[in-house]
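What follows is each chain in one-letter form.
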Amino acid sequence: MLVRRLLYNQINNEQLRKTSMSENNYKLTHQPCIDPDCGSSDALSVFKNGSAKCFSCDKIWSPAEYQRATQDQDYVPIGKSSPSTAPVSVRASGGELRAIESRCLSLATVKKYNVRVVVDENGNDIKHHYPYYSGDTEVIKIRDVIAKRNNESGAFRWTDGASKVDFFGKQLFESKQKFVTLFEGEIDTMSGYQMLNNANTNFAALGVKSSSEAERAVRNNLEYLYSFDNVVLCFDMDESGRKATEKVARLLKTGKTKIVTLPAEYNDVNEMLMAGKQQEFKDAWFGAKTYTPSGLVSVSDQKDRYLDRPKKLSIPFPWQGMNRKLEGLRQGEITVITAGTGLGKSAVCRELQHWLLKTTDDNIGVVMLEESYERTIDGLMSIEANEKLSQDSVREIYSKERLSEWHDALFEGTNKNRVWVYEHFGENNLNAIADRVKFMSAGSGCKWIFIDHIHMISASGGENETVEINKIMHKFRDLCEELNIAIITVSHLRRLDGNKGHENGAEVALNHMRGSHVIAQIADSVIALERNQQADDEIEARTTRLKVLKNRYTGETGVAGHIIYEPVTGRLNELDNGDIELAGEESLL
């Protein structure tokens, strides 16, 4: 039976998908959804075969399911009322004016909003009839209390005209008052009115049908809402309520819209009424903050944020000269390493990767687009072993057991699963790389991401390099901010005019970076490597000057020391100032 039912649903859903392609197959359109979790007033369509689909929540009902859900005699489908063009009043049957004790709503409040309550033989309310008005037409929203409590479908029904009404309680309040408050749903609207008002006040309290309907309701009534001195928004504190608040606030007058934030333990207004927190609600209402667009904050409100901010942890470089200038590496920052061809950009990245692995407990992500997985691991193993294991002639000197010991020291024990490498197989699409970076951060806990290099990434495939690099750098900034990670990346340099290039020791400037000035603009720090690799003097040819071209953290720029390449080990070791006696360069002491 279960298999047959699942097969029927699959066939029926496919038939509905095909059927819905044509308007001629609809028997009714723009009906209220029968799923209580949806709340749409006009997104459901009924097909000629009796099945139905809501185009808001995307749920489908078979003919039998839809018939069962709409058997309630109080439900009147939109479009099935009298064809008369004169205003009509379609009333749900039964009900009386009485307090809704289960929600702590007084008789006076219920009378104010003219809500009818249907009770069972024990006096328990089983249905609420909430009246909405459009001109002379009364539209009733019927709440099945038991179905709603049990999260069953069909908890809400509408009489004819649901799409024509927007606000619960609008007929009660004249325009041009000092305040109007918008709540989410009828129960919260009445709860808010009851807690805000006394015998001498009549603060306007209106309700939107649901958070999903709020934006449309406000758009339809902007002239009415603009007439009030202040519009106060008091939707639910859940995600959908907050999103609706943001959407609605954008439509209203700047400086005249206020947003209520309820105490953290309460999601909605009725919860506070039932908890006896009337004064706390009034405090929240009178303390409502004037809406400002996302990204704008008043400094006066942010003192605690300034004083109590978390300390930004700096991880030192392996070279002291760099620490004197930059005070280390930090998460949330982009560091760009730039140099001419063959001057050691990737080698510096590998030294930093090994240093972070040895001096922190943080995980590391590695995206080396110009080399294979094996070359990346060889580079890290070479630093661990102080041997150039990337060369077959060197690696073959050692047994598998010795190589395994070095491998274990780096990648096993307390270091297990700390290094994650993107094995790219030639894939260099920006979105693909961004997805891997997100996984490295969120799925693998990586805090330091190395990307070598920018110019190997394709942002769109068909645009010029400047446009591509702009997209890449903005994506890097977004990733840093969103994930609170550090990105250490590499940029190549453009070729200089004249006979002396960067490979011959030419000084590097920010505008030498290839492709776009955005690299320098977005980066937090830019480190240049300068070396005359063609120098006659062997020491000079192996010595690299470290220069800070940009430093957003401390502002200090200029020469930050020298490192020398050791040809036997392949390591980059820092030189003391007293050791620097390169041709044509004075001591830095």
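Residues numbered from 1 in each chain as written. Predicted model: local features only at pLDDT ≥ 70, side-chain atom pairs only at ≥ 80, totals over all residues. Heavy atoms only, no water.

Asks: Can you tell me about the nonpolar core, naming the residues and giving the values?
Replies: L182, M190, L225 and F281 are the most contacted members of the largest nonpolar core, which totals 56 residues. If one sorts the elements of this core by residue count, helix α5 (residues 186–196) sits on top with five residues. Contact partners of F281, with chain neighbours within four places excluded, come to F183, G192, M195, L196, C234, L262, V269 and M272. Ranked by size, the runner-up nonpolar core spans 39 residues in total, among them F317, L329, M381 and V490. (Core = buried A, V, L, I, M, F, W, Y, C linked by side-chain atoms within 4.5 Å. Buried < 20%, exposed > 50% of the residue type's maximum accessible area, 1.4 Å probe, protein only. Helix = DSSP H or I, 4+ residues; strand = E, 2+ residues; numbered from the N terminus. Contact = heavy atoms within 4.5 Å.)

Asks: Describe the pairing of strand β17 (residues 334–339), listing the residues and the values that go with them.
Replies: With six of six residues buried, β17 lies mostly within the body of the structure. Of the two faces of β17, both are covered, the one formed by I334, V336 and T338 as well as the one formed by T335, I337 and A339. Note: β17 against strand β21 (residues 486–491), five bridges, orientation parallel. Opposite I334, over in β21, you have I487 as the bridge partner. Relative to strand β22 (residues 525–530), β17 runs parallel, the two sharing five bridges. Bridging from a neighbouring strand, T338 pairs with A528 of β22. (Pairing = 2+ DSSP bridges.)

Asks: Would you mind going over unusual backbone geometry in detail, with residue names and values included?
Replies: Looking along the chain, the bond that leaves D452 and enters H453 is cis, with omega of 10°. Looking at the secondary structure, you find H453 in the loop between β20 (446–452) and α18 (465–483). The backbone of N386 sits at a positive phi, close to 55°, despite the residue not being glycine. Along the chain, N386 falls in the loop between α14 (373–385) and α15 (392–395). Even without being glycine, N484 reaches a positive phi, approximately 55°. Tracing the chain through its elements places N484 in the loop between α18 and β21.

Asks: Go over the pairing of β22, please, and point to the residues and values.
Replies: Across the six residues that make up β22, a large majority, six, are buried. The side-chain alternation of β22 yields two buried faces, one formed by S525, I527 and L529 and the other by V526, A528 and E530. Two strands pair when backbone bridges link them, and β22 and strand β23 (residues 543–551) are joined in this way by six bridges, in the antiparallel orientation. Counterpart to L529 in the pairing with β23 is L546.

Asks: For the environment of V145, give the residues involved together with the corresponding values.
Replies: Inspection of the secondary structure puts V145 in helix α4 (residues 145–149). When near neighbours in sequence (up to four residues on either side) are disregarded, V145 contacts D125, I126, K127 and H128.

Asks: Got a sec to walk through the sheet that holds strand β19 (residues 419–421)? Specific residues and values, please.
Replies: One open sheet accounts for nine strands, arranged β19-β18-β20-β21-β17-β22-β23-β24-β25; its pairing is mixed. The open sheet terminates on both sides in strands that have one partner only, identified here as β19 and β25 (572–575). Sheet twist, expressed as the average angle between the axes of neighbouring strands with direction ignored, equals 25°. Two strands pair when backbone bridges link them, and β20 and β21 are joined in this way by four bridges, in the parallel orientation. Looking at β21, one finds that I449 is bridged to I487. (Axes fitted to C-alpha atoms, helices over the stretch in contact; angles between N-to-C directions.)

Asks: Describe in detail the sheet that holds strand β12 (residues 230–234), supporting the description with residues and values.
Replies: Where strands meet in a sheet, backbone hydrogen bonds hold them as pairs that are either parallel or antiparallel. Reading across from one edge, β9-β11-β10-β12-β13-β14 is the order of the six strands in this open sheet, with mixed pairing throughout. Strands with a single pairing partner mark the edges of an open sheet, and in this sheet they are β9 (167–168) and β14 (289–290). As paired elements, strand β10 (residues 179–184) and strand β11 (residues 204–208) share five bridges and run parallel to each other. Paired with V180 across the bridge in β11 is A204.

Asks: Break down the pattern of salt bridges for me, with residues and values.
Replies: Under the counting rule described, the total for this entry stands at 23 salt bridges. We note a salt bridge from R350 to E371, for which the minimum N-O separation is 3.0 Å. Of this pair, R350 sits in helix α13 (residues 345–359) while E371 sits in the loop between β18 (363–368) and α14, and the two are 21 residues apart along the sequence. Note on R350: relative accessible area 10%, which makes it buried. A salt bridge links E384 to K358; the nearest nitrogen and oxygen atoms lie 3.3 Å apart. Taken together, the positions of E384 in helix α14 and K358 in helix α13 put the pair 26 residues apart, joining distant regions of the chain. Look at the salt bridges and you will find they share partners, linking R477, E481, D524 and R552 into a network. (Salt bridge = Lys/Arg side-chain N within 4 Å of Asp/Glu carboxyl O.)

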